[in-house]
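Structural features, examined
Letter by letter, the chains look like this.
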Amino acid sequence: METRPLIFDCDPGQDDAISLMMALAPSDTPLDIRAITVTAGNTVLDKCQRNARMIVELCKRTDIPVYAGCDAPLELPLATAEEVHGSEGLDGVEIFEPALPLQAEHAVDAIIRICRTVDNVLIVPTGPLTNIATAFRRAPDIISRVREIVIMGGARSEAGNITPSAEFNAYVDPHAAAEVFATSVPKTVFGLDVTHKTLIRPDHVKKLGDLNNYMTDILVPMLSGGYAEFDAQKFGTNGTPIHDACTTAYLLRPDLFTFRQVGIRVEAESELTRGCTSVDYWHGTDWDRDCQWAVGADADGFFDLMVERLALYAKL
């Protein structure tokens, strides 16, 4: 299990929420989460940061600070996904204003501060890469201090889920994605090629419900409503990909996944292929092979890990 200090950067979103629920679960050996930073993405920033604070509060981990970051991509208008995640960005959850305060410090400043003062930081972005690219622009000295970036984003053989060419996170801020992928920081990347192999099916949802603790009572409606129906109808599958949870699963059980070492570049200027992740799978370029591209997953092991982590909430 990962022991390095972590920054989770997210835009909750049901799959971000499940990723955080797994990461924040009570454990004798908890993940070393120094901050949760938030960017606009699945919905507008104000709702994303509220959703992040809600999740942290529901997980009873109010010791972890939440910071709001960039409210729009580097160069383009914000594109959101309320048609997938609901008008509040977290369909299936009773929305409330959490008591957990939002930190006054901007998320980008928090990322810079933590990376300058803490060694071996690992950044885990599961939304558009705007906060990360902005931090690298403002403080290029931190790039060499980041040990790894574990990214949910991109697609190769699965094409796109927002356009024929692009996965949503890369599409929303392709300029940020292009800049982050161009850095020398080692990257582990979970694109649609592998997240579409880790589907949560109706029988899985029933098994989660059978855990019968307060967190699964929150989670089951989230996995039973419009979010699940949207993806099942769009992709013709008997299940829902929980994209962002692959990052947390990797932190906890890296053996669940197989990888190919590749170089990746992101298209930012073309209207037709905006956000396309060009994955040098067959090593046909001289690009640095600084990305672990996830190609396979133990889907049963992934679900078993989710059950194991969510069962821990029975302790609270």
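In this text the structure is predicted, and so the values were computed from the model without any measurement.

**Details of the nonpolar core**
- Grouped together as the largest cluster of nonpolar side chains are 66 residues, with contacts concentrated most on Met 21 and Ile 36.
- In this structure Ile 36 touches Phe 8, Cys 10, Leu 20, Ala 52, Val 56, Ile 64, Pro 65, Val 66 and Tyr 67, once residues within four positions along its chain are discounted.
- The next biggest cluster of nonpolar side chains, apart from the first, holds 38 residues, and it includes Cys 70, Cys 115, Phe 181 and Val 185.

**Description of the sheet that holds strand S12 (residues 291–297)**
- Read across the open sheet, the eight strands follow the order S3-S2-S1-S4-S5-S6-S12-S9; overall the sheet is mixed. On the outer flanks of this sheet lie strand S3 (66–68) and strand S9 (257–262), each paired with one strand and no other. Across the sheet, the axes of successive neighbouring strands diverge by a mean angle of 20°, strand direction being ignored.

**Description of helix H12 (residues 245–252)**
- Along H12, eight of the eight residues are buried, which leaves the element largely enclosed by surrounding structure.
- Burial in H12 covers these residues: Ala 245, Cys 246, Thr 247, Thr 248, Ala 249, Tyr 250, Leu 251 and Leu 252.

**A short note on the packing of aromatic side chains**
- Counting across every chain of the model gives seven aromatic pairs.
- Their ring planes at 45° and their centres at 6.5 Å tell us that Phe 257 and Phe 259 sit as a pair that is tilted.
- The exposure class of Phe 257 is buried, given its relative accessible area of 6%.
- Aromatic rings pair up to connect Phe 190, Tyr 250, Phe 257 and Phe 259 into one cluster.

**Section: the state of the cysteines**
- One pass over the structure, following the stated rule, counts zero disulfides.
- For Cys 48, which is in no disulfide, the shortest distance to another cysteine sulfur is to Cys 10 and amounts to 8.0 Å.
- Taking relative accessible area as the criterion, Cys 48 reaches 0% and is therefore assigned buried.
- Cysteine Cys 115 shares no disulfide, and the gap to the nearest cysteine sulfur, in Cys 70, comes to 14 Å.
- For Cys 115, a relative accessible area of 1% translates into the label buried.

Calculation criteria
Residues numbered from 1 in each chain as written. Predicted model: local features only at pLDDT ≥ 70, side-chain atom pairs only at ≥ 80, totals over all residues. Heavy atoms only, no water. Core = buried A, V, L, I, M, F, W, Y, C linked by side-chain atoms within 4.5 Å. Buried < 20%, exposed > 50% of the residue type's maximum accessible area, 1.4 Å probe, protein only. Contact = heavy atoms within 4.5 Å. Pairing = 2+ DSSP bridges. Helix = DSSP H or I, 4+ residues; strand = E, 2+ residues; numbered from the N terminus. Axes fitted to C-alpha atoms, helices over the stretch in contact; angles between N-to-C directions. Phe/Tyr/Trp six-rings, centres within 6.5 Å; stacked < 30°, edge-to-face > 60°. Disulfide = S-S within 2.5 Å.

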